[in-house]
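Here are the chains, one letter per residue:
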Amino acid sequence: MEENKTQQEKEQEKKESTPKVDRFKGVDKSTAEEIQQYERLYFREDKPVPFGKLKLYPATVRDYDQFMLSSSCLTLNKNETVEGIRMTNLDFLLSKLTDKEEGPLWSYKLHSLLSIIFHLKNGIKCKKCGHVIEYDSEEFQNFIRQIQEFSKNMTDKTTASEAPHLTCSQCHNSEDKDFVEMIKIVKNKKNHYDLFIDEQQITSQDFNKLRLIVMYQNFIDYQDDSWVDPDLKKDYEERLEIEAKSNQGATATLERKIVGLSMNSNFKFGEIFDMTIRKFTIALSMIDDIMNYKFTRNAQMSGLVSFPKDYKVEHWLYKVPKDMYGDSYKSLDQATQEQSMMHK
């Protein structure tokens, strides 16, 4: 019976037996549909996504390392701790900033991330003219020195009105009420954190949406894995470590990736640095796929290399989406055994 099946029928069976990859599994239906619409309207052309009165910009290769480090702010799993289960994703992240040991690092990550995705300067904005006095600028550091000098020379007769006031270098405004923090974090009366970006409040619901938009916007193959069983995740990570050892831990630095892309395309270094991470990832992957496709096709057509009878070379342009965990459903012992066999 099996022998009587046509090649077309076999191909159809193979197609039907291949599980469909749901990139939005674990994401509620309305949010998934919204992000898919963003893919058509904004992601493809690297346009910023409207977010209230703000815009979410795609990260570029120039900010690659900083963005990769900071993106952990968006992938934190609050349900991995007892305290986190009772918190919102936003509360859980902002609570990290108060940690004695890791607080400064999380603060750096969050402020870096917000600066990249919102294209904002981290500092104090003059509402009259829009000029932002960055915290690490000489302008702001001069103000800090004035405060320190004033504090040193204070006496019992010194009044608050004598204290130095921050003055805008552009419009010379010095009214305290006319200055606002670009990134503001406060704890409210209900013991929850409030996050304000250029005076726009980011609620816990807003943040839940933001973290998904940014990840899907910047990573072409991103799949939400919040629904995956923690034991499976742990098993998968351990298997990756085993497979990495068989590769002698070989990795490619960002610099090598940039040079490699430039050598195999018409892109100049400056153009690659200005490229979005999304397009950079696609370009790198596509160059690798083209090279593999040409090599395999040449080998197949030469007749010098034997292939299975029904073997079909996957075209470099048409990619079949793959499950983010691939074959992770096999056991850790099986993966260890496979790697051992490779080195015999």
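See the structure above.
Residues numbered from 1 in each chain as written. Predicted model: local features only at pLDDT ≥ 70, side-chain atom pairs only at ≥ 80, totals over all residues. Heavy atoms only, no water.

### Regarding helix 2 (residues 29–43)
What helix 2 keeps buried is the set Thr31, Ala32, Ile35, Tyr38, Glu39 and Phe43. Buried residues belonging to helix 2 abut strand 1 (49–51), helix 9 (204–218) and helix 13 (277–302). (Buried < 20%, exposed > 50% of the residue type's maximum accessible area, 1.4 Å probe, protein only. Helix = DSSP H or I, 4+ residues; strand = E, 2+ residues; numbered from the N terminus. Contact = heavy atoms within 4.5 Å.)

### Section: unusual backbone geometry
You will see that His119, though not glycine, has its phi angle at about 55 degrees, which is positive. With respect to the helices and strands, His119 occurs in the loop between helix 7 (103–118) and strand 3 (123–126). For His119, a relative accessible area of 53% puts it in the exposed group.

### Examining the nonpolar core
Within soluble globular proteins, side chains that are nonpolar tend to cluster in buried spots. Counting 54 residues, the largest nonpolar core has Leu56, Phe67, Ile117, Phe118, Ile197, Leu210 and Phe280 as the members making the most contacts within it. When near neighbours in sequence (up to four residues on either side) are disregarded, Phe67 contacts Ala59, Leu113, Ile116, Ile117, Val214, Asn218, Phe219 and Ile277. Within the second largest apolar cluster, eight residues are counted, among which are Cys126, Phe140, Phe143 and Phe179. (Core = buried A, V, L, I, M, F, W, Y, C linked by side-chain atoms within 4.5 Å.)

### Examining the environment of Leu261
Position of Leu261 relative to the elements: it lies in helix 11 (residues 254–263). In this structure Leu261 comes out as buried when scored by relative accessible area, which is 1%. Here the alpha-carbon distance between Leu261 and Ala283, two residues 22 residues apart in the chain, equals 7.5 Å. Apart from residues no more than four positions distant in its own chain, Leu261 is found in contact with Phe267, Ile272, Met275, Phe280, Ala283, Leu284 and Ile287.

### Quick notes on the packing of helix 6 (residues 89–96) against helix 7
Two elements in contact, helix 6 and helix 7, have axes whose closest approach is 7 Å; the angle formed by their N-to-C orientations is 125 degrees. Taken together, helix 6 and helix 7 sit at an angle that is classed as oblique. Facing Leu93, Leu94 and Lys96 of helix 6, the residues of helix 7 in contact are Gly103, Trp106 and Leu110. Classifying every residue of the contact of helix 6 with helix 7 gives four nonpolar, one polar and one charged. (Axes fitted to C-alpha atoms, helices over the stretch in contact; angles between N-to-C directions. Parallel < 35°, antiparallel > 145°, perpendicular 65-115°, else oblique. Nonpolar A, V, L, I, M, F, W, Y, C, P; charged D, E, K, R; others polar.)

### Remarks on the pattern of salt bridges
Scanning the entire structure with this criterion turns up nine salt bridges. Between Lys279 and Asp46 there is a salt bridge whose closest N-O contact spans 3.3 Å. With Lys279 in helix 13 and Asp46 in the loop between helix 2 and strand 1, the pair connects residues that are 233 residues apart, well separated along the chain. Of the residues examined, Lys279 reaches a relative accessible area of 25% and is grouped as partly exposed. The closest approach of N and O atoms between Asp198 and Lys125, which form a salt bridge, is 2.8 Å. Remark: Lys125 occurs in strand 3 and Asp198 occurs in the loop between strand 7 (193–197) and strand 8 (200–202); sequence separation between them is 73 residues. By the burial criterion, Asp198 is buried, and Lys125 matches it. (Salt bridge = Lys/Arg side-chain N within 4 Å of Asp/Glu carboxyl O.)

### Focus: the packing of aromatic side chains
By the definition in use, this model includes nine aromatic pairs. Ring centres 4.7 Å apart and planes at 25 degrees place the aromatic pair Phe24 and Tyr216 in the stacked group. Linking Phe24 in the loop between helix 1 (7–17) and helix 2 with Tyr216 in helix 9, this pair joins segments that are 192 residues apart in sequence. Between Tyr64 and Phe280, the ring centres sit 6.2 Å apart and the planes meet at 80 degrees, which makes this aromatic pair edge-to-face. Of the two residues, Tyr64 sits in helix 3 (residues 64–70) while Phe280 sits in helix 13, which places them 216 residues apart along the sequence. The burial state of Tyr64 is the same as that of Phe280; both residues are buried. By way of ring pairs, the aromatic residues Phe24, Tyr216 and Tyr222 are connected into one cluster. Directly above the aromatic system of Trp106 lies the positively charged group of Lys109, at a separation of 4.2 Å from the ring centroid. (Phe/Tyr/Trp six-rings, centres within 6.5 Å; stacked < 30°, edge-to-face > 60°. Lys NZ or Arg CZ within 6 Å of the ring centre and 35° of its normal.)

### What about the sheet that holds strand 7?
Spatial ordering of the open sheet is given by 6-7-8, a layout of three strands whose pairing is antiparallel. Because the sheet does not close on itself, it has two edges, and the strands there are strand 6 (183–187) and strand 8. Going across the sheet, the axis of each strand differs from the next one's by a mean of 30 degrees, ignoring polarity. (Pairing = 2+ DSSP bridges.)

What is shown is where atoms sit, not what they do.
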